[in-house]
Amino acid sequence: MEFKQYPEAMTIAGTDSGGGAGMEADIKTMQACHTFSTNVVVGVTAQNTYGVQDLYPLPRKIVDAQFASIMDDFDIKAAKTGALFDSEHVKIVADNVKKYNLKNFVVDPVMVAKGGAKLLTDEAIQTLKDELLPLATLVTPNLPETELLAGQTVKTQVDMLNAAKKIQQMGCPNVMVKGGHGDEDMVYDFVKLADGNEFWLESKRVNTIRTHGTGDTLSSAIVAYLAQGMDLETAIRKAHQYLETIINLPLPIGHGHGPLNHGEWSNHEI
């Protein structure tokens, strides 16, 4: 029997022992979106739906070894980052992205966990801007992350447009500013692409606390679809549809910010 090549991708992130965000959300999302996920563990967190209780970034030797092992065997078509913790680990990841010439590279600039724990130091934010963004195909900051990257307040749609332009000028050709941290009845995400195309994605805000890992999930879905050969706009639109669908299908798990129902997509996929 002849088998069709299954698309392969990579997540470069920290773990979430609670299973709702981080690398665990990435792997679940990619699998739900029909892409096989390999993973480079950059750090380990003790985490649940209440928040992050502890974290431990891994030594460079084992991070480098994971990259080498994956790239020696797998045909990685797309990759993404999640929590990278500090400046040293941002540099380690940037070095490996350049070494292996990773394509369709999406930076999800995770800075603060849903429970409030800081997952990227102030120094590391600058390192990410200087060394990682210029390597990225797409960056997907939420509103607080957009403010830190662009160095401005982001409260309105005009602010989102201006901030996206600033971030694009840092060397990342495509920018998606996510509006989920706003307080309007509708959620507006703004996408600015390298070819000059720009557009808004909107969805009705869902009144739920089960939103742990939404940013990880969106960026992972984009990577999954890029690995399948979709163009960037199509991948973004389909990933947005995926997240909009599963956020309305919550799992009653945990006592804080609960996880998404990643696998339910198979019953609702269009």
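Residues numbered from 1 in each chain as written. Predicted model: local features only at pLDDT ≥ 70, side-chain atom pairs only at ≥ 80, totals over all residues. Heavy atoms only, no water.

Engineer: So what's going on with the packing of aromatic side chains? Residues and values would help.
Structural biologist: Under the definition given, this model contains three aromatic pairs. Aromatic side chains Phe67 and Tyr100 sit 6.4 Å apart centroid to centroid with 10° between the ring planes, which places their arrangement in the stacked category. Linking Phe67 in helix α2 (residues 60-73) with Tyr100 in the loop between α3 (87-99) and β5 (105-107), this pair joins segments that are 33 residues apart in sequence. Each ring, one from Phe190 and one from Trp200, has its centre 4.9 Å from the other, and the planes form 45°; the classification is tilted. Linking Phe190 in strand β8 (residues 186-192) with Trp200 in strand β9 (residues 198-204), this pair joins segments that are 10 residues apart in sequence. Judged by relative accessible area, Phe190 falls into the buried class, the value being 2%. Residue Trp200 is classed as partly exposed on the basis of its relative accessible area, which comes to 31%. A cation over an aromatic ring shows up here: Arg237 above the ring of Phe199, its NZ or CZ 4.1 Å from the ring centre. (Phe/Tyr/Trp six-rings, centres within 6.5 Å; stacked < 30°, edge-to-face > 60°. Helix = DSSP H or I, 4+ residues; strand = E, 2+ residues; numbered from the N terminus. Buried < 20%, exposed > 50% of the residue type's maximum accessible area, 1.4 Å probe, protein only. Lys NZ or Arg CZ within 6 Å of the ring centre and 35° of its normal.)

Engineer: Can you break down the pattern of salt bridges residue by residue, with the values?
Structural biologist: Across all of its chains, the model carries eight salt bridges by this definition. Between Lys192 and Glu198 there is a salt bridge, with the nearest N and O atoms lying 3.1 Å from each other. On the accessibility criterion, Glu198 (37% relative accessible area) is partly exposed. Each of the salt bridges in this network shares a partner with another, and the network as a whole consists of Arg60, Asp64 and Asp95. (Salt bridge = Lys/Arg side-chain N within 4 Å of Asp/Glu carboxyl O.)

Engineer: Describe helix α7 (residues 214-227), and please don't skip the residues or the numbers.
Structural biologist: Every α-helix carries 3.6 residues per turn, so stepping three or four residues along brings you back to the same face. For α7, spanning 14 residues, the distance from its first C-alpha to its last is 20 Å, which sits close to the expected 20 Å at 1.5 Å a residue. Across the 14 residues of α7, 13 count as buried, placing the element largely inside the fold. Where α7 terminates, the next one or two residues include Gly229, which has phi positive at roughly 100°. (Expected span 1.5 Å × (residues − 1).)

Engineer: Any details on the pairing of β8? Residues and values, ideally.
Structural biologist: A large share of β8 lies buried, amounting to five of its seven residues. Where strand β7 (residues 175-177) and β8 come together, three bridges link them in antiparallel fashion. Following the sheet pairing, Val177 is matched in β8 by Phe190. In this structure, β8 lies alongside β9, joined through seven bridges in antiparallel fashion. Within β9, the position partnered with Met186 by the bridge is Lys204. (Pairing = 2+ DSSP bridges.)

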